[in-house]
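Descriptive structure summary
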Amino acid sequence: RPSERLHTCRLPRVVPAGLLRALALRDAGCRFPGCDRPATWCDAHHLHPWAGGGKTSLDILILLCAHHHTLVHERWRPHGDPGTTMWFQRPDGTTLDLPSDPRGQPPTRGP
């Protein structure tokens, strides 16, 4: 819906429906390299922890399936630009050789 805000809100932690739709359009599924789980099987992940002041906005959210969401919370570190290429760093500090690009179409940015 054109009237829904897609960016820069501090609250709530839960991703609003319009923003989740935009995220699903952009990512089209789990962003972990090599994973083919569809967007309907994924959750939004805040790249900057919400509890630490991270915003609920498209530019710091990615979709991750439950398995990879758990891995990321257990010390894997995603980095890069969610709108283009992301890289995932293992707990030992080495970076996974496979990049992660959005599989869908970039959503139109909101007001």
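This report concerns the structure included in the present document. As the structure is a computational prediction, the values presented were derived from the model and not from experiment.

Each regular strand displays side chains that alternate between the two surfaces of the sheet. Where strand 3 (residues 77–80) and strand 4 (residues 86–89) come together, four bridges link them in antiparallel fashion. Looking at the pairing, Arg-77 lines up with Gln-89 of strand 4. Two successive antiparallel strands, strand 3 and strand 4, enclose a turn made up of five residues.

Let us now look at unusual backbone geometry. Phi at Ala-28 is positive, roughly 60°, even though this residue is not glycine. Along the chain, the position of Ala-28 falls in the loop between helix 1 (17–27) and strand 1 (42–46). The class of Ala-28 is partly exposed, set by a relative accessible area of 29%. Positive phi values are uncommon outside glycine, yet Arg-75 reaches one of about 100°. By secondary structure assignment, the location of Arg-75 is in the loop between helix 2 (66–73) and strand 3. Arg-75 gets classed as exposed once you look at its relative accessible area, which sits at 58%.

Let us look at the state of the cysteines. Two cysteines whose sulfur atoms are joined by a covalent bond form what is called a disulfide. Applying the stated rule across the entire model yields zero disulfides. A disulfide-free cysteine, Cys-65 has its sulfur positioned 3.8 Å from the sulfur of Cys-30, the nearest such atom.

In this section: the layout of surface pockets. Taken as a whole, the largest pocket encloses approximately 360 Å³ of empty space. Elements supplying a minimum of two residues to the lining of the largest pocket: strand 1, helix 2 and strand 3. A breakdown of the residues in the lining of the largest pocket according to their chemical character gives nine nonpolar, four polar and three charged.

Bringing helix 2 into the picture now. For helix 2, the full list of buried residues reads His-68, His-69 and Val-72. Taken end-on, helix 2 shows its buried residues confined to a sector of 105°, consistent with a single buried face. In this structure, helix 2 carries His-67 and His-73 as exposed residues pointing more than 90 degrees from its buried face. Contacts from the buried residues of helix 2 go to strand 1, strand 2 (61–65), strand 3 and strand 4. Two residues or fewer past helix 2, Arg-75 is found with a positive phi of approximately 100°.

Here the focus is the nonpolar core. Nonpolar side chains tend to gather and get buried jointly when the protein is soluble and globular. With 20 residues, the main nonpolar core has Leu-23, Cys-30, Phe-32, Leu-61, Leu-64, Trp-76 and Phe-88 as its most contacted residues. The set of elements that each furnish at least two residues to this core consists of helix 1, strand 1, strand 2 and strand 4. Of all the elements, strand 2 adds the most residues to this core, at five residues. Excluding anything up to four places from it in sequence, Phe-32 contacts Leu-64, His-68, Trp-76, Phe-88, Leu-96 and Ser-100.

Scoring rules and cut-offs
Counting from 1, residues in each chain are numbered in the order their sequence is written. Local features in this predicted model are restricted to residues whose pLDDT is 70 or higher, and side-chain atom pairs enter the listing and the counts only when it is 80 or higher, whereas totals over whole chains, interfaces and linings include all residues. Side-chain measures here rest on the full set of heavy atoms in the structure, leaving out hydrogens and waters. Strand pairing requires that DSSP identify at least two bridges connecting the strands. In this description a helix means any DSSP run of H or I spanning at least four residues, a strand means any run of E spanning at least two, and both kinds are numbered starting from the N terminus. Residue exposure (1.4 Å probe, protein chains only): buried if accessible area is under 20% of the type maximum, exposed if over 50%, otherwise partly exposed. Counting rule for disulfides: a pair of cysteine sulfur atoms within 2.5 Å. Every definition here rests on a 1 Å grid over the protein atoms only: cavities are sets of points where a 1.4 Å probe fits but cannot get out, pockets are open sets enclosed by protein on both sides within 12 Å along at least five of seven lines, and lining residues have some atom within 4 Å of a point. Grid points are joined across faces, edges and corners, and a volume is the space filled by probe spheres set on the points. Polar here means any residue outside two lists: the nonpolar Ala, Val, Leu, Ile, Met, Phe, Trp, Tyr, Cys and Pro, and the charged Asp, Glu, Lys and Arg; Gly therefore counts as polar. Think of it as the arc spanned by the lines of direction from the helix axis to the C-beta atoms. Here, residues are in contact when the closest pair of their heavy atoms is within 4.5 Å. Nine residue types can take part in a nonpolar core, namely buried Ala, Val, Leu, Ile, Met, Phe, Trp, Tyr and Cys, and a core is a set of them joined through side-chain atoms within 4.5 Å.

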